[in-house]
Every structure is written in C-alpha cells, then in structure tokens.
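Residue-level structural notes
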Amino acid sequence: MNILVCVKQVPGSSNVKVDEKTGLLIRPKKGNKLNPYDLYAIEAALVLKEQYGGSVKVLTMGPPQARDVLEECLWMGCDEAYLITDRAFGGADVLATSYTISQGIRKAGDIDLIICGKQTTDGDTAQVGAETAEHLGIPHLSNVTGILEVDEGSVLVEANQEKMIVKQRIKLPCLICMDSEVNTPRLPSYRRRKTTEETLVHSLTLADLEDRNPEHYGLKGSPTQVQKVFPPEKSSSRILENGSSEELADKLNRLLSDRKFI
Amino acid sequence: MFNEVNKEDLLALQKMLPGRVFDGRQINEDYYHDELGTAFGVPDVLVKVLSTKEVSDVMGYACSRSIPVVVRGSGTGLVGGAVATHGGIMLDTSMMKKVLELDENNLTVTVQTGILLMELAAYCDERGFQYCPDPGEKSATIGGNISTNAGGMRAMKYGVTRDAVRAITVVLASGEIMKFGSKVVKNSSGYDLKDLIIGSEGTLGVVTEATLKIIPKPEYAISILVPFRTMKDAISTVPKIIRAQVTPVATEYMSQDVILFAEEYLGKKFPTHASDAYLLLTFDGNTREAVMHDMETIADLCLENDAIDVFMIDTEERSASVWSARSAFLEAIKGSTDQMDECDVVVPRSRVADFILFTHEVAKNVGLRIPSFGHAGDGNLHIYLCRDGLDDKQWESRKEKAFSMMYEKSKEMGGLVSGEHGIGLDKKKYLLDMLGERQLELMRGIKSVFDPKGILNPGKVI
C-alpha cells in the first residue's frame, strides 16, 4: 500500500502570539517544528505500512527550511519526502495551498491513501486536507479516529462526527484527516538520522508541476483577502456545580461522556 | 510526657486561628496518613495556618502545654513522616502559598513554604526563571521538599533541594522565630543551622518561609529515550555517561514492566515499549548548537555501548508524552497491586547496576514482585515491594526480609538508607542499622537543643 502524508512546518511553540498593531505573527525563539497534529497522521501511516507493506511518503509545501521537518519524518520511519518550494507559491491562501499540494501529490507516483493531520497549529483552518482531495477528485473524510481495515480497493475507518462515531468504508484512492490523540506517535530515531541519505528529500518547484501557470499559485491564485489578523479571545469559562460527592461524580461523568472525553 | 489537647486548648487555638481549627470528625481521614499510608495516627486537632506569626503562636502555646506538633504540607510523603502518631496538633501549612519576593538581581525567590512545587515552577517559568530541583511529586509543598531534602530528576546537574535553599525562616519548638542563612552565595559563618534544618523532617523546627536560588531558564532542552536489550546494558552505560565531558540534567532508568504499568494507569501508550530497559536523559543550555552537541555526544556513546537506538524528544508534545508517563510511575505501580511499600535507597553511582540486579535476586529469594525505576545518574533508586494479595503475616515477613537484604547490600556498597524520601517512621530501624548508635546519639543531642521537650514530630527519624 502506498501512502502519502501531508505535513507542515509550524512555529516551535504552540503558543503563537500576534502583534496586535502589525497583525504579524511574533515568531517564538524556539524556531520551527513539525505540526503536532501531523504526528498522528504519520504514526497511522507507519502502522499501516507495518501491517500491509508498501511505502510511506511525506510531502510539504513551504520555504527551503521546511526540509527540516521532512528529514524528521524520515527519522520517524518514512521512506521518501517531497518539498514543494518556490517563491511563486508564497502568500498562498487555503485554495492556492491545497491546489499546490494536489499538484505536488500528482508528481509523487501512485498513491493509494493520503493522510493529513486534523489541522495545523498556526493556520488552524482544518480545510487544506479536504480541499486537496477535491482538487484531486478523490473522496475524503475528516476526524478519523482509527483505520480498521484495508482491502484491495477500500479502507474501513472510524470517524468522530459531531454527534456520533461513524464507521465508513471509502474507496481508494482517498484522503483522510486523522483526529488528534488517536495514537502515540513514535519518536524520531537518532540511528536513522545518522544513516538517512539527503537524496531521499526531493524538491519540486513550479517548473516541475503539471500546471505551470503562475496565476494559479501563491498570492495571485488566492482569492482570500486577509483584512486583519488578531489573537483569539481566551476563554476562561468554567462550570461550577454543587452537590454531594455522588451527585458531583455523576454530573462530571455525564459532562465528560457528553463531550466524548470518556 | 505529652498532654492531649483538651477543651481549653481547643478554645485557645480557636481564638488564635478563628475558623481554621478542626477536631474530631471535622478532620478529614486523609490527615491520618501520608501518601503511602503505612503509618497511621489521628491528630487531636488540625490547625490551618497562614503566617509565620500564627505558626509561632501555635508553637508557643503547644510548647507551654507540652502538646506534640506534626507539621504537614500536602501529605505526599512516603515514609510516615507527617503522621500524628502521638496525637496532638497537626499544623497544616498548605494555605501558606504566597510568593513574597522575586529578586532578579540576586536570583532568588522568597516564598511561604505551603506553595506547591508545581506552583513555584509555573511562577518562575512565566518570568523566565527556573527553580532547579524537580522531584517527581509536583503537588508536594516546598516545605515538604525542604523537610526531606527532596532531590528529583535534575539533581545530576543542578543538585538537590539543599543546594537551592539560601535562607529559611524557622519557628522553633518554643515559638521563637529565627532566620537561618541569607541571600549570600558563600557562607562560612559558623555552624550551618539552615542545612541542619533541611532534611530534619519537622523534628527541629517549622520552616515557614524560604529564599530559594533560581537561574535564568535555559533556552533549549532536548531529551533522549534510549532502549537497551537488558537492564545491565542500560545501567552499565551510566558510569560512562558520567565520565563523558557532558552533564545531562537528568539520567533516569526505567524497565519495561514499569512502562507497561504506566500505560495501563494513564490509558495511553508510551512512544516505545518493546525493549527491556530504557535510559531517559535530558540536556539543556542556552544555544541549540550546544545542546545538540551534548545530546549527540551521549547518543553516540549509548550506541557504542549496545543501545538499540536513541529516540529524540525535541518538542513540547514529545516531551509531554514521555515525561508524563515518567511522572506517573509511582501511581502506576501503586495501581498495579493492592498495597506497596518502598525503598529509596541511594548507592554510589558506579554500583547502581549491581544494586538493581541484586533487587531481582531479592525478588526471587523472598517471593515478592519488586519493580523499580530511578535516578541512575545520581544513584538514587525507587524500589517498590508489591503485596499482590499476600496475607498480613506473609506480607510483613517477606517485606521485612526484602528490606533487610537491600539495606544491608546498600551499606556494603557504601550507600545510605534514603536518597530523598526521608526516614520518617518507616525507615528508622534501617537508619540505626546503617549509621549506628553513636551517630543517632549525636542527632538526638541536636534535637534536644532545638526542641528540649521533644514536641516536634515525636517518634520520627531518630
């Protein structure tokens, strides 16, 4: 089974601050890291490879330094990586980003299953996965909590949809977005880091893609106009309940199960 | 010898601390024991104090009436130290949580000792500083940490609680308020009474405030988790790490069985559990390059010493997934059996491997399950005896045999009874066996100077 995981390099601290005057992100000192939500997607892909064989490729779009997170994926056990990078891709919104990624995927060989994370910790739109699938013309499903079975032409998955948990069989090739906390991602191996060859990371520029029309990429290909960037309001809402220990335990249990924490 | 708390005493205490004096059934049963629950005692009265002055008032009164006083923070002790085995007053400091001063020029923070370790850590972190000692039990109070000289996971590089305490305010048994130590870095000014109080488990005085050393928080940290085929392979690499020109912040060892308990307890998988034994090391520093260099030096050394691999933990998420399990080990082992007892023996670092292998022999010999984990880098082991359904008689006799064998072995290796949990009630016998009557006599002499009536935590330590 050939799997491709889409990943992204994000700021090193999940607590990204926004300069309220300029609207620019204040980059934390800690540099960059692999989007934490993508770790669950990589783990799910590597488990499938262990079960069914095949390969796991990773792909990202970003500046040249995004290569770092691809190397990290290789140290976790992925086989090959693609970095889509070109100045022409800068300033892309969700539509242009997903289109660029879909073009990159077309250059990554035959893929049966594409796995994305739930969202990123910087953009937070949770839309790129689904839009990429639309560009590729393949089925997609979000909030996937488990991959139960894979056969010749389909994959059976479990997904957490607002009010219910659904089991769904999807025809391959397809794209799924893994929910967070659904597995424990493996750690990158220092041994693999020492032995991984740099040539396993392939760069793709505009010139390498099928559609080379620059109007479809970057700022030019982005219909979204950002008016203002501001930090979200922090919610400190709390629920206070009174009652005996038993009543409180009951209420807490109901609250946690209603919200599907337990 | 001691007086019980009578109605008049109760009224006097209520006058001193209105609304914060509890007796009889008002005292929650949690106050009858500590975290491990091996020792049991019901205080006559529980008082919750807010200031040094209040502690002084209570102590002055207790001294005049010869009523025993046991000081208690969060009650997370493991040796029966903060248990009112002689009744009397239980003095709860857990409401004394104020941060009194942050001195950025002298790099100290002064706190009331009821503040929790995790509260202090968060306070420092938010301001770009670090309080270095990092005991596993984050809900312990700083007062509790001082009373046992708690060590924790960063001891290898940054030392233990004693190394981080610059000054303390102490209320003596008589009620007198004393200040030992100061913000100074060096001190050759007579006997160091501060260091005598640290680790005295509430038997010499009540520590109400502490001025603690802090450092600017290191900018970068990276941990590595290193799987080995056997515990022997893992632990015998530690002396080589110690000799390398790199000082990790922490060097912990853990066995597969303990990781599996933690997985079950937390309902969450550990990132790896396929190997028999692991070392977990952390490096910190102010530049990424320096920290990576340290990490790579030790990672290469581990691979040269038959490590299966070296896994890198370089982000908040990865760190949380590993260290949250490490912090839950004690609770996880507790959850794996009906009752347990523990031994936090400390041996010279070169003997850690031999000692752990010896505990496997003890387990076989006495017929007890004995999982362990600990601070391989500083020689302090946490060894747990699990009851696993044994009846009282069998449990007591096997436990006794196992403890005797282990403490004897520790003595033979040049080790000591406790690395950080203290002596309390449970380990007194072994302290005597290890140090001998003459040393205990000296300790009793010191106690009699500080507390002539013996009202402070009677029956503990010595």
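By convention here, each chain's residues receive numbers from 1 onward along its written sequence. Whichever chain is written first becomes A and whichever ligand is written first becomes 1, with later ones labelled in order. With pLDDT at 70 or above as the cut-off, local features in this predicted model cover only qualifying residues; side-chain atom pairs require 80 or more to be listed or tallied, and sums for whole chains, interfaces and linings still use all residues. Computation of side-chain values covers all heavy atoms of the structure but excludes hydrogens and water.

1. A look at empty space enclosed by the protein
Residue and element names in this part refer to chain B. The test is simple: Throughout, the protein atoms alone are placed on a 1 Å grid, and a set of points is a cavity if a 1.4 Å probe fits but cannot get out or a pocket if it is open with protein on both sides within 12 Å along at least five of seven lines; lining residues have an atom within 4 Å of a point. Grid points are joined across faces, edges and corners, and a volume is the space filled by probe spheres set on the points. Every helix listed is a DSSP run of H or I at least four residues long, and every strand listed is a run of E at least two residues long, numbered separately from the N terminus.
Here the structure, examined in full by the defined rule, presents one cavity of 30 Å³ or more. Here the largest cavity is characterised by a volume of approximately 50 Å³. Taken together, I259, A262, E263, L266, K268, K269, F270, S321, S324 and A325 form the lining of the largest cavity. Among the secondary structure elements, those contributing two or more residues to the lining of the largest cavity are helix 9 (256-266) and helix 11 (316-327). The element best represented in the lining of the largest cavity is helix 9, accounting for four residues.

2. Considering the interface of chain B and chain A
Interface size is commonly expressed as the accessible area that is lost once the parts come together. Stated formally: Working rule for contacts: check all heavy atoms of both residues, and any pair within 4.5 Å makes them a contact. Buried area, as used here, totals the accessible surface that two parts lose on assembly, with accessibility defined by a 1.4 Å probe and the loss added over both. Should a side-chain nitrogen of Lys or Arg be within 4 Å of a carboxyl oxygen of Asp or Glu, the pair is scored as a salt bridge.
Each partner contributes residues to the interface: chain B has 26 residues there, and chain A has 23 residues. Of the roughly 1,900 Å² buried between chain B and chain A on both sides combined, carbon and sulfur atoms contribute 51%. Summed over the shared surface of chain B and chain A, the number is four salt bridges. Residue B:E317 pairs with A:K33 through a salt bridge whose shortest N-O separation is 2.7 Å.

3. Some remarks on the domain arrangement of chain B
Residues and elements named next belong to chain B. Which entries qualify depends on this criterion: Where each domain begins and ends follows an automated or database-derived domain assignment.
The domains assigned to chain B are domain 1 (7-94), domain 2 (99-216), domain 3 (220-330) and domain 4 (337-423 + 434-438). The distance between the C-alpha centroids of domain 2 and domain 3 comes to 28 Å. Contacts between the two partners involve six residues from domain 2 and, on the opposite side, 11 residues from domain 3. For the pair domain 2 and domain 3, the summed buried surface comes to about 810 Å²; carbon and sulfur atoms form 61% of the total. In terms of surface lost to domain 3, no three residues of domain 2 exceed M153, M156 and K157, which account for 78% of the buried area on that side. Here domain 2 is connected to domain 3 by one salt bridge. Put simply, D284 and K157 hold a salt bridge, and the shortest N to O gap is 2.7 Å.

4. Overview of the sheet that holds strand 2 (residues 45-48) of chain B
Residue and element names in this part refer to chain B. Selection criterion: Here the rule is simple: two strands pair whenever DSSP picks up at least two bridges between them. Every angle, taken between N-to-C directions, lies between 0 and 180 degrees, and every axis is a line fitted to C-alpha atoms, over only the stretch in contact when it is a helix.
Ordered in space as 1-2-4-3, the four strands form an open sheet in which the pairing is mixed. Where the open sheet ends on each side, the last strands, each with one partner, are strand 1 (21-23) and strand 3 (69-72). Ignoring which end each strand starts from, the neighbouring axes of this sheet average 20° apart. Across three bridges, the pairing between strand 1 and strand 2 is antiparallel. The residue bridging V21 from the neighbouring strand is V47, located in strand 2.

5. A look at the pattern of salt bridges
Rules: For each residue, the accessible area found with a 1.4 Å probe, counting protein chains only, is set against the maximum for its type, and the residue is called buried under 20%, exposed over 50%, and partly exposed in between.
Tallied over the full model, the rule gives 40 salt bridges over all chains. Between A:E241 and A:K251 there is a salt bridge, with the nearest N and O atoms lying 3.3 Å from each other. Linking A:E241 in the loop between strand 13 (201-204) and helix 6 (245-258) with A:K251 in helix 6, this pair joins segments that are 10 residues apart in sequence. Overall, the relative accessible area of 30% leaves A:K251 in the partly exposed class. A salt bridge links B:E119 to B:K97, with the shortest nitrogen-to-oxygen separation between them at 3.1 Å. One end of the pair, B:E119, is in helix 3 (residues 117-126); the other, B:K97, is in the loop between strand 4 (89-92) and strand 5 (99-103), and 22 residues separate them in sequence. Ionic contacts of the salt-bridge type, sharing partners, join the residues B:D341, B:E396, B:K399 and B:K427 into one network.

6. Brief notes about the pairing of strand 4 of chain B
All names here are of chain B. Burial along strand 4 is two-sided: I89 and L91 and M90 and D92, pointing in opposite directions, are all buried. For strand 2 and strand 4, the ladder comprises four bridges, and the chain directions are parallel. Among the inter-strand pairings, K48 is bridged to a residue of strand 4, identified as D92. In this sheet, strand 4 lies alongside strand 3 in parallel orientation, the contact comprising four bridges. Bridge pairing in strand 4 places V69 opposite I89.

7. Things to note about the packing of aromatic side chains
Using the following cut-off: Ring pairs are drawn from Phe, Tyr and Trp, using the six-membered ring of Trp, whenever the two centres fall within 6.5 Å, and their geometry is named by plane angle: stacked under 30 degrees, edge-to-face over 60, tilted for the rest. Sitting over a ring, as applied to charges here, requires NZ of Lys or CZ of Arg to be within 6 Å of the ring centre and within 35 degrees of the ring normal.
Evaluation of the coordinates by the stated rule reveals nine aromatic pairs over all chains. Pairing B:F355 with B:F358 gives two aromatic rings, centres 6.2 Å apart and planes at 55°, and the pair type is tilted. Remark: B:F358 and B:F355 occur in helix 13 (residues 352-366); sequence separation between them is three residues, near one turn of the helix. B:F358 shares its class with B:F355; the two are buried. Each ring, one from B:F403 and one from B:Y430, has its centre 5.8 Å from the other, and the planes form 55°; the classification is tilted. In this pair, B:F403 sits in helix 14 (residues 392-412) while B:Y430 sits in helix 15 (residues 428-435), placing the two residues 27 residues apart along the sequence. Exposure class is identical for B:F403 and B:Y430. Each is buried. The rings of A:F89, A:Y99 and A:Y217 are connected pair by pair, giving a single aromatic cluster. Taking NZ or CZ as reference, A:R193 lies 5.6 Å from the ring centre of A:W75, over its face. One cation-aromatic arrangement involves B:K409 over B:F358; the distance from NZ or CZ to the ring centre is 4.9 Å.

8. Some details on the packing of helix 1 (residues 7-16) of chain B against helix 2 (residues 52-65) of chain B
All names here are of chain B. For clarity, the threshold we go by: Note on terminology: angles under 35 degrees are roughly parallel, angles over 145 are roughly antiparallel, angles of 65 to 115 are roughly perpendicular, and the others are oblique. Left-handed describes a crossing whose near helix is turned anticlockwise from the far helix by less than a right angle; the clockwise case is right-handed. Ten residues, namely Ala, Val, Leu, Ile, Met, Phe, Trp, Tyr, Cys and Pro, are considered nonpolar, four, namely Asp, Glu, Lys and Arg, are considered charged, and the remaining ones, Gly among them, are considered polar.
With their axes 10 Å apart at the nearest point, helix 1 and helix 2 run at an angle of 165° to one another. Taken together, the axes of helix 1 and helix 2 lie roughly antiparallel to each other. Regarding helix 1 and helix 2, the two cross each other, and that crossing is right-handed. For the pair formed by helix 1 and helix 2, the contact residues are E8, D9, A12, L13 and M16 on the first element and D57, V58, Y61 and R65 on the second. Counted by class, the contact of helix 1 with helix 2 contains five nonpolar, no polar and four charged residues.

9. Quick look at unusual backbone geometry
A cis amide bond links A:L172 with the next residue in sequence, A:P173, at an omega value of -5°. Along the chain, A:P173 turns up in the loop between strand 11 (164-171) and strand 12 (174-178). The phi dihedral of B:D388 is positive, around 50°, even though this residue is not glycine. On the secondary structure map, B:D388 appears in the loop between strand 18 (380-386) and helix 14.

10. Here's the deal with the packing of helix 13 of chain B against helix 14 of chain B
Residue and element names in this part refer to chain B. Across the interface, helix 13 lies against helix 14 with an axial gap of 10 Å and an inter-helix angle of 155°. Taken together, the axes of helix 13 and helix 14 are roughly antiparallel relative to one another. As for the relative orientation of helix 13 and helix 14, their crossing is right-handed in sense. Here F355, F358, T359, V362, N365 and V366 of helix 13 come into contact with helix 14, specifically with R398, K401, A402, M405, M406, K409 and S410. Looking at the contact of helix 13 with helix 14 residue by residue, the classes come out as seven nonpolar, three polar and three charged.

11. Let's talk about the side chain of B:T113
Mapping B:T113 onto the fold places it in the loop between strand 6 (108-112) and helix 3. If sequence neighbours within four positions are ignored, B:T113 has contacts with B:M96, B:T141, B:I142, B:G143, B:I146, B:V207, B:T208, B:E209 and B:A210.

12. Here we look at the sheet that holds strand 6 (residues 55-61) of chain A
Strand-to-strand pairing in sheets goes through backbone hydrogen bonds, with the strands running parallel or antiparallel. All names here are of chain A. The nine strands are arranged 11-10-9-12-8-1-6-7-13 in an open sheet whose pairing can be described as mixed. The two strands at the open ends of the sheet, each matched to only one other strand, are strand 11 and strand 13. Pairs of neighbouring strands in the sheet enclose a mean axial angle of 35°, with direction left out of account. Pairing analysis gives five bridges linking strand 6 to strand 7 (residues 80-84), with the strands arranged parallel. Paired with M61 across the two strands is I84, which belongs to strand 7. In this fold helix 3 (residues 94-106) packs onto strand 1 (2-6), strand 6, strand 7, strand 8 (113-116) and strand 13, with an angle of close to 145° to the strand it touches most, strand 6. Here helix 4 (residues 128-136) sits on the sheet in contact with strand 8, strand 9 (140-150) and strand 12, set at roughly 180° to strand 12.

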